[in-house]
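Working through the structure, step by step
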Amino acid sequence: FSRVIVYTYIYIIYIYIHTHELTHIYDPHMSSFASSSVAARSVLVQNKVASSGKRNQSKRVSATTQISASMAHKQRKMDIAEAKKLLDKTKTFIFDCDGVIWKGDSLIDGVPETIDMLKSMGKQLFFITNNSTKSRAGYLKKFTSLGLNITAENIFSSSFAAAAYLESIKFDGKVYVVGETGIGEELDLLGIKWSGCEADKGKEVTLSEGLYMDHDKDVSAVIVGFDRHFNYHKIQQATLCIRENPGCLFIATNTDAVTHLTSAQEWAGNGSMVGCIKGSTQQEPIVVGKPSSFMLDYIAEKYSIPKDEICMVGDRLDTDILFGKDGGLSTLLVLSGVTTEDRLLSPKNDIVPDFYTNQLSDLLEAK
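Residues numbered from 1 in each chain as written. Predicted model: local features only at pLDDT ≥ 70, side-chain atom pairs only at ≥ 80, totals over all residues. Heavy atoms only, no water.

The helix and strand tally for the protein stands at 12 helices and 15 strands. Per-residue burial for the protein yields a buried fraction of 44% across its 367 residues. Put simply, of all contacts in the protein between residues at least 6 apart along the chain, 69% involve residues at least 24 apart. For the protein, the computed accessible surface area is about 19,600 Å², with 54% contributed by carbon and sulfur atoms. (Helix = DSSP H or I, 4+ residues; strand = E, 2+ residues; numbered from the N terminus. Buried < 20%, exposed > 50% of the residue type's maximum accessible area, 1.4 Å probe, protein only. Contact = heavy atoms within 4.5 Å. Areas by Shrake-Rupley, 256 points an atom, 1.4 Å probe, with all protein chains shown as cover.)

Across the chain, the bulk of peptide bonds are trans and the bulk of non-glycine residues have phi less than zero. Pro291 follows Lys290 through a cis peptide bond whose omega is 5°. A positive phi is found at Lys170, a non-glycine position, where the angle reads about 55°. Turning to its location among the elements, Lys170 is positioned in the loop between helix H6 (158-168) and strand S6 (174-178). A positive phi angle, near 60°, is found at Cys197, a position not held by glycine. Residue placement: Cys197 occurs in the loop between strand S7 (193-196) and strand S8 (219-224).

The residue Thr319 is located in helix H11 (residues 317-326) in this model. Thr319 has contacts with Asn130, Asp256, Lys290 and Pro291, leaving out every residue within four places of it along the chain.

Another aspect to go through is empty space enclosed by the protein. Tallied over the entire structure, the rule returns 1 cavity of 30 Å³ or more. Reported here for the largest cavity is a volume of approximately 160 Å³. Surrounding the largest cavity, 18 residues form its lining, Asp98, Asn130, Asn131, Asp256 and Thr259 being those nearest its centre. Secondary structure elements with two or more residues in the lining of the largest cavity: strand S10 (258-259) and H11. (1 Å grid on protein atoms, 1.4 Å probe; cavity = no way out; pocket = protein on both sides within 12 Å on 5 of 7 lines; lining within 4 Å. Points joined across faces, edges and corners; volume = space filled by probe spheres on them.)

Further remarks concern the layout of surface pockets. Empty space within the largest pocket amounts to approximately 170 Å³. Considering the residues around the largest pocket, the lining is formed by 13 residues, among which Asn131, Lys134, Lys142, His260 and Leu261 are closest to the centre. A per-class count over the lining of the largest pocket returns 4 nonpolar, 4 polar and 5 charged. (Nonpolar A, V, L, I, M, F, W, Y, C, P; charged D, E, K, R; others polar.)

Before going further, it helps to examine the packing of helix H8 (residues 232-244) against helix H9 (residues 270-281). Running from N to C, H8 and H9 point in directions that differ by 45°, and their axes come no closer than 9 Å. As judged from the angle between their axes, H8 and H9 are oblique. Relative to H9, the crossing made by H8 is right-handed. Counted together, Ile235, Ala238, Thr239, Ile242 and Arg243 of H8 and Cys276, Ile277, Ser280 and Thr281 of H9 form the full contact between these two elements. Here the contact of H8 with H9 is built from residues that sort into 5 nonpolar, 3 polar and 1 charged. (Axes fitted to C-alpha atoms, helices over the stretch in contact; angles between N-to-C directions. Parallel < 35°, antiparallel > 145°, perpendicular 65-115°, else oblique. Left-handed = near helix turned anticlockwise from the far one by under 90°.)

As C-alpha cells, then:
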C-alpha cells in the first residue's frame, strides 16, 4: 500500500510539472530545462533584432526619402534672376553641340540669337563635342551651314582631342583607326602616320578552316571613334594590335551610350564600339573626350582661363555635367537633348548641375 502512495505522489508531481510548463526554471543539472530557457532567450533576441531591423529599415527608407527630397530640392530650375547672376560671373562658356546647339542637322530654336547676345557681352565661347566623325574643319563647315559665325579655333572635337593627346605624349609611331574621316584628318595635321578608317570600310571576314588574319606590327596606338561602318574586320585588327603589339595604346574618343544622328531618335553611340574592343582585349581605354578633363585642361592652359570663370552647358549628365563638375566649372543642364526632367529629378540620379533650364535660348530672357 505504501508503494502505491509513493507512486501516486510521484505521478501527481509529474502531472503538475507538465501542466504548469515549468520550462523557464534554470537548473544546471537539468539540461532539457536549460535548453528551453536558452531557446526562449534566443527567440526573444531574434524578435528584438527583427523589430529593430524593421525600425532601421523604416529609418533607412525615411533617410532615403529625405535624401531624395534634398536632391530634388538641389535641382534648381534657373529663373531670370539666377540667369543674370550666371551671365555676370561667367566670362567663358563651353557648349556641347549635339542636343544643345543642334539635333542631327537641325538647329535648336533661339541658338543663333543666344550666341550673338553672348558675343555682344564679350563672352568667350568654345564648342566641345564628343562626336569624332568630323575634324574641326569639318565641324566649321557644319556651323557655317547652319548660319553660325564660329571660328575653327573655338571648336574642339574628340577627333582633335585624340590627335592632341598623342602630340602631348610625343607619340612617334603609327595609329590604327576605327572611326571616320575626322580622326584621320586631325592626325594628318600633326603628321602622324595612320591606317584603317575608311580604307577598311566594307571589308568582310569569311571564316574558313585555318584562317589567319595578319595585322600591322608597326601600330603602337589604336584609336576607337564613332564608326557607322564598324565591322568584324576592324574589331579583329584593333584587337590584334592592342593584344600583340608591345605597349600598344588603346584610346577612345568617348564612351557615349547614344548619339543624335538624326533629330527623330537616339542612335547607338561610340560606347558600343569601344565596348567591343574592351571585351576582346580585356583592357580599359584612355578616354580623351568628355567627361575626361583632357580638353578642358587644354583650353584652360592654352587661353589662360581660370576654371572658376567657366560655365559648362550640356544636355548629358554623365558626360557634360560631370565634365564640368569634375573640372570645377559652373554647370547648366539644358533639357533640349538626351536628359529629361524626370531623369534629372529621379532619386537614382546623383549628378546635380548648378542649374537646369529647357534650352539655351532661355538665357535671352536675362539680357
